[in-house]
Structures are given as C-alpha cells and as structure tokens.
There are 2 protein chains.
Amino acid sequence: MRIVLDGMGTDRAPGIEMAGAALALRELPNDFEILLVGDQAILRPELDRHGDFPRERLTIEHAPDRVLPGTPPATVLRKQPDSSIVRGLRLHKEGQADAFVSAGSTGAVMAASLFILRPLEGVDRPAIGTFLPTAREPLLMLDAGANVDCKPHHLVQFAHLGHIYAQDLMGRAQPRIGLLNIGEEPEKGDEVSVEAHQRLAREPGIHFVGNVEGREIIKGDIDVLVCDGFCGNVLLKFYESVAQHFTGMLRRAGLADRPEMQETFRALDYSEYGGAPLLGVNGVSIICHGGSSPKAIMNAIRVAAQSVRSSMVEHIARELASKEPV
Amino acid sequence: MRIVLDGMGTDRAPGIEMAGAALALRELPNDFEILLVGDQAILRPELDRHGDFPRERLTIEHAPDRVLPGTPPATVLRKQPDSSIVRGLRLHKEGQADAFVSAGSTGAVMAASLFILRPLEGVDRPAIGTFLPTAREPLLMLDAGANVDCKPHHLVQFAHLGHIYAQDLMGRAQPRIGLLNIGEEPEKGDEVSVEAHQRLAREPGIHFVGNVEGREIIKGDIDVLVCDGFCGNVLLKFYESVAQHFTGMLRRAGLADRPEMQETFRALDYSEYGGAPLLGVNGVSIICHGGSSPKAIMNAIRVAAQSVRSSMVEHIARELASKEPV
C-alpha cells in the first residue's frame, strides 16, 4: 500500500510532515510506503534530519509548487497543476498510490479531491467527517464543512457515509445515527431537518436513533452525527477553541501536569484523532489541520491506511450505488 | 416597578422561584416589587418558609393552572388561559406589571409572549438573546432558538436588537456585531449568510465587524453574535453541556475547590447570567432555564429590572420602527 503525504501542507511545512512521516513509518504496521510530495530541493535536506526511521519505505515525489493559505480553492486546479496537492491527488487517481493525506488548505484539498477523484455513484455531495470527543467514545460528525445549503436527501447520504465509516474505521458494528436538531421531537427544527428526519426514519440500512440536541452531543450516546456543513463547521471550530480555552486555563492555573488531568487532556487533543476524511469520493482523501503536529500527521496516515485496508471506498460504492435515485 | 415572576416554571417549582424572589428582594436595588404568579395554595405555604426578606414587596397572584414540560406551545394560550405563564403575561400586557420572568417551557413562554405582548413595529421575528461566556466579557448571541429558517433581513433585525440590548443592558457603548459564519471572507457561507453579510455591511446604525467563525467566539472580540435560531440553539446547548462536562471532570479530579479554578467556574456558571430576553416584543419577557438555581432567578429579575429602567423596549421601538420596510 502506498500513501501520498502532501509535504507542503502544514503551517510549518515541511518539517512537521517529515517528522510525521518518520513517526508513522516507525510506529505503525509496516504494510505501507509513503510518497512524500513537494519541492525536492526543500524536502531532501529535511529528510536527512530525520534519520531514525525505515527510509526505504519513503519516496520523495517532486512537485515544485505549493498552495499557499488563502488561495481561492477553485483556482488551484487550473493555476497550480504542479502543486503538491494536485500532483499528489493525481498520483492517487492514476493508481500509483492508494490514499492521499494533506494538511493544506481545507478548501483547496476538498475542491481538488472532488475534481480529481470525483464523487462516487449515488453520492451527490461528498462530506467531511470529523471526530468529536465525548464523555464516552468519540463520535463522527458529518458534514463538517464541505456543503452548506444541504437538502434533506444530502443528509440521508451523509448518514450512509457515516454508517460505513463508523463500521469500517471505528469498529462500531451497528452505528447509531443521530440528526443534529434543536429538539427531540420529529417535527422540530427547520424545514430541511424536519424532512430529513422523516426520510432517515424510514431509510433502510442504517440505525437512525432520532434527533440529537446540542446538549446531547457530549454524552456520546451516538456514533454518527449528521448535520449541514454550516452548523457542523461552526460546531467543530467552536469545540476545538473551547477545548483549547479550557486546557489553557488549567495550564495557567498550574494544573495541567497533574496525572488526574492527563486523560482529560488526551480526550481533548485533536492530534489523537488524525485527519478528517472526505467521504464519498472515489478514493481516500484525508484532510488535516494546518496546525497539525507530527503525531496528528501520523494518525492521519493511520486513518488513511485503515481506510485502504478496510476497502472503505468499495464499501461506500457498493452501498450507495444501489440506492434509488432521489 | 413591578415584575411578574412565574412561580411554577422551574423543574423544582415553586421552591426555587420563592428562594430566587427572596434573594432578589434582599440583594437587588429596592425599586421593584414582585408579583409571584401561581397556585396560591401551593405558593402561600412556601412563602412562610422564606421569612428573611422584605415581604411587603412580594404579592402572590393566583393562577391555578400550570404548563407542564412537553406541552405543545401552540396549545397553551387556548387550553391553559389560567396558567401562570398566560396570566402573568396578561398582567404585564395590561400594565399591572412592567416585566415578566419565567423558567417554564421555553417554547410556551415564547409563544405566549409573542401572542400576548406582540412583536414591535419593524420586528418580523423577535429573537431570544443569550449570553455566552468568552475569554473576555460575555457576548450576546441571538437568535438562540426562537426562529429557524431565517431570511437575511431577519438577521439584520437581530443585529439591531442585539445592538440595543448590548448598549442598554451590557454597557457596551458601540457594540461590535459579528455574523456567525464558516469563514471570514464576505462570500463564505450559505445563501442566507452571504446576503446577510452584504446587508449588514451597509446597514446604518450598527457597527458590523464581519463574519465570525466558530473558533473566534470564545475570544470575545465582539459584543453581539448574530445567527439563525437553529445554529444558535445548537451552539448554546452544546456550550452549556461542554462547560458542565469540563467542570465535572475537574470535580472528579478533585480540583474543583482550588481557588485558582474559581474564576473559571464562575465564568462557566450560567446562573451568573440570569435569563435570556425575548427581544423585539412589546414588553420585557425573560426566559430562564428550567434547571435554574435561586441565584439564576435573581439574576433574571435583575435583567428584567434593568430592561425596564433603561427603557429598552421604547429604545427598540424607536430604532426599528424608523427602518424602511424590507
């Protein structure tokens, strides 16, 4: 198995990527190689600084251009064909790699993934799945920002994508699917939520447990939270920032190093969860935070490898292509 | 000034309400009286348990019926005219009181307030304002759940309501107004957000600072956060539950009593902020959490009294009625 890692994605590229790759090659099961894509003049010297890993499993693929933060996503394909994002995704598309991981601009990675990998049959809108820590196991929320102005049938498709991801990657045999809403009753919410609830309730192949209010998320009673990309994005970014705020307060209070707080800190540490998969495209595309640590990069590579091993894409294709058109 | 307090609102009514009323009459400036509305057979004995407050400033107004949690809000007016909510709001409407405070079902209080007090001229959709703790001062978020499926001009009206509330009640001379969105750029977001941004940017009489992402909220750089009632409600409930989750973890770790954590706890304690005003109706209607403490009830009474003192309703009426119809 070969995994493309965009070498020029993080805010501190390529040092973080190189360290993440080295960590992944040392720590994870050794059934994969890494294609590190980026400017070889920058990547090669960096490589030499990370000696302590199986170098035979890392290849540098030259891509001279880099997508800078703030670049309009729609222009990347046309104007930056030699960027690490576009080159890396093409390697995956052409079958020279099995998965793609990038900590570059979310919008650019998403737009390029959609265009190059293409949505699977039966998927109108691929969605970004992301983990939210809860009082129990983390849950998968989707969509975390790929789609605003969703229609009810998009939310139903998100439910299927989440169902399969939770089965294949999170080890949940019968994932419990909830719909983000402002009340428990089926008739609560905006027009889209009301109709989505009705559709989800009669949708075969998923275990829909009903509406989930904002206050229920943290309990972790569900495995998959389905929502519009607008609310999902707001919620995700808010949660991240609140977690940072809390841990910052503990740090300032001198309580951060106490052993009894370590579990809390770990639960709130997004680097534990790796990247966010773009689900519903014909390929494995994992999007990482621009501020990722080497550990977060490693965990994203872990997620990519697991996605390939579990044949998640084939699983989605099989499941969604058989659905009646809406 | 006379303030109606629904005596039958909280989950543990009427003990909490009575304790809250007693606290308010002891602690707050003595320019108001309280009309405690509810079943006098239940309220009178409770009164005798709280001797230590100025009783001459508390009157019990009999209302034999009570709106139970889960009652469909739309039926309350027709089916429960003798409920504490309906009777209390009518006392306010008829001029026998200047404000109304209730910890009853949010939906019922909102529906009855809209019907009895009526929206002010120029306000299509009254909105629930609520405080969110931040790293700096709390901000006012609206709408917190009164309206889903908002149009752009509703969001513009929310901005004006928030502007006035922040001036009159929060002491912010020139409130900074932000629009909740998934990106900073004006073109980001769903259709409603994009148009709302354009309208807010050219709207006179408010200081619009642009889009605010989920991760920016906690920073407290703005005074008023404008959003759809769907996202607002999700965000509010999520924040409350996350705050409870964090403080619970600290408690279990035995760190809750440490003096350095007290400020954190206070910042996260919703009872500090009192109730949530329904803004844009012709009257003062303050909605409290069903799980309110006596302190939260007192703070809601404080907010009600401040609203009356500052002539907030007249201020809103003056400001909004002069707006061009949309």
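Residues numbered from 1 in each chain as written. Chains lettered and ligands numbered in written order. Predicted model: local features only at pLDDT ≥ 70, side-chain atom pairs only at ≥ 80, totals over all residues.

Right, let's talk about the overall build of chain A for a bit. Looking only at helices and strands, one finds eleven helices and twelve strands in chain A. Its C-alpha atoms give chain A a radius of gyration of 20 Å, within 12% of the compact-globule value 20 Å for 326 residues. Each principal axis of the C-alpha atoms in chain A carries an extent, and together these give about 60 × 55 × 35 Å. Long-range pairs, those at least 24 residues apart, make up 74% of the contacts in chain A between residues at least 6 apart in sequence. (Helix = DSSP H or I, 4+ residues; strand = E, 2+ residues; numbered from the N terminus. Rg over C-alpha atoms; globule rule 2.2 N^0.38 Å. Contact = placed C-beta atoms within 7 Å.)

Now for helix 11 (residues 312-321) of chain A. All names here are of chain A. Within the sequence span of helix 11, burial applies to Met312, Val313, Ile316 and Leu320. In a view along the axis of helix 11, the buried residues occupy a sector of 95°, so they form one face of it. Along helix 11, the residues that are exposed and aim more than 90 degrees away from the buried face are Glu314 and Ala321. Tucked inside the fold, the buried residues of helix 11 contact helix 6 (152-170), strand 11 (276-279) and helix 10 (294-309). (Buried ≥ 20, exposed ≤ 12 C-beta atoms within 10 Å, placed from the backbone. Arc of directions from axis to C-beta.)

Before going further, it helps to spend a moment on the interface of chain A and chain B. Chain A puts 34 residues into the contact, and the matching count from chain B is 34 residues. Elements that contribute at least two residues to the side of chain A that touches chain B include exactly helix 8 (229-252) and helix 9 (259-268) of chain A. Of the residues belonging to the side of chain A that touches chain B, the class tally is 18 nonpolar, eight polar and eight charged. (Nonpolar A, V, L, I, M, F, W, Y, C, P; charged D, E, K, R; others polar.)

Our next topic: the packing of helix 6 (residues 152-170) of chain B against helix 11 (residues 312-321) of chain B. Residue and element names in this part refer to chain B. Where helix 6 contacts helix 11, the axes come no closer than 10 Å and their chain directions differ by 145°. The chirality of how helix 6 crosses helix 11 is right-handed. Between helix 6, through Gln157, His160, Leu161, Ile164, Tyr165, Asp168 and Leu169, and helix 11, the contact on the second element is made entirely by Met312, His315, Ile316, Glu319 and Leu320. Here the contact of helix 6 with helix 11 is built from residues that sort into seven nonpolar, three polar and two charged. (Axes fitted to C-alpha atoms, helices over the stretch in contact; angles between N-to-C directions. Left-handed = near helix turned anticlockwise from the far one by under 90°.)

Residues and elements named next belong to chain B. Reading across from one edge, 3-2-1-4-12-11-5 is the order of the seven strands in this open sheet, with mixed pairing throughout. Looking along the sheet, the strands with just one partner apiece sit at the ends: strand 3 (58-62) and strand 5 (127-128). Looking at chain direction, strand 2 (residues 33-38) and strand 3 are connected through five bridges and run parallel. If you follow leucine 36 over to strand 3, its bridge partner there is isoleucine 60. Relative to the sheet, helix 2 (residues 40-48) contacts strand 2 and strand 3, its axis offset from that of strand 3 by approximately 160°. On top of the sheet, helix 10 (residues 294-309) reaches strand 1 (2-6), strand 4 (99-102), strand 11 (276-279) and strand 12 (285-287); it is set at about 160° to strand 4, its chief contact. (Pairing = 2+ DSSP bridges.)

On to the relation of the copies chain A and chain B. Least-squares fitting of chain A to chain B yields an RMSD of 0.0 Å, with the superposition described by an axial translation of 0.0 Å and a rotation of 180°. Expressed as a symmetry operation, the mapping of one chain copy onto the other fits a two-fold axis. Within chain A, the C-alpha atom positioned nearest to the axis of rotation is that of A:Cys231, 2.9 Å from it. An overlap of 100% is found between the interface residues of chain A and their copies at the interface of chain B, pointing to a shared contact surface. (Least-squares fit on C-alpha atoms with pLDDT ≥ 70 in both.)

Mapping A:Ala243 onto the fold places it in helix 8. Taking the C-alpha atoms as reference points, A:Ala243 and A:Asn211, separated by 32 residues in sequence, lie 25 Å from one another.

All names here are of chain A. If you trace the seven strands from one edge of the open sheet to the other, you get 3-2-1-4-12-11-5, paired in mixed fashion. The sheet is open, and its two borders are formed by strand 3 (58-62) and strand 5 (127-128), each paired with just one other strand. Pairing geometry for strand 1 (residues 2-6) and strand 2 (residues 33-38), over five bridges, is parallel. Residue pairing for strand 2: leucine 5 is matched across the bridge by leucine 36. Here helix 1 (residues 15-27) sits on the sheet and contacts strand 1, strand 2 and strand 3; the angle it forms with strand 2, its principal contact strand, is near 175°.

Residues and elements named next belong to chain A. What the domain assignment lists for chain A is domain 1 (1-123 + 280-326) and domain 2 (124-272). Each of domain 1 and domain 2 was reduced to a C-alpha centroid, and the two centroids are 24 Å apart. If you look at the interface, domain 1 gives 23 residues, while domain 2 gives 18 residues. Only helix 5 (106-117), helix 10 and helix 11 provide two or more residues apiece to the side of domain 1 that touches domain 2. Ranked by the residues each element gives to the side of domain 1 that touches domain 2, the list is headed by helix 10, at six residues. Tallied by class, the residues present in the side of domain 1 that touches domain 2 amount to twelve nonpolar, nine polar and two charged. (Domains from an automatic or database assignment.)

Residue and element names in this part refer to chain A. The peptide bond linking leucine 142 to aspartate 143 adopts the cis configuration, its omega dihedral lying at 15°. Looking at the secondary structure, you find aspartate 143 in the loop between strand 7 (139-142) and helix 6. You will see that arginine 118, though not glycine, has its phi angle at about 70°, which is positive. Checked against the element boundaries, arginine 118 lands in the loop between helix 5 and strand 5. Even without a glycine there, the phi angle at aspartate 149 is positive, about 55°. With respect to the helices, strands and loops of the structure, aspartate 149 is situated in the loop between strand 7 and helix 6.

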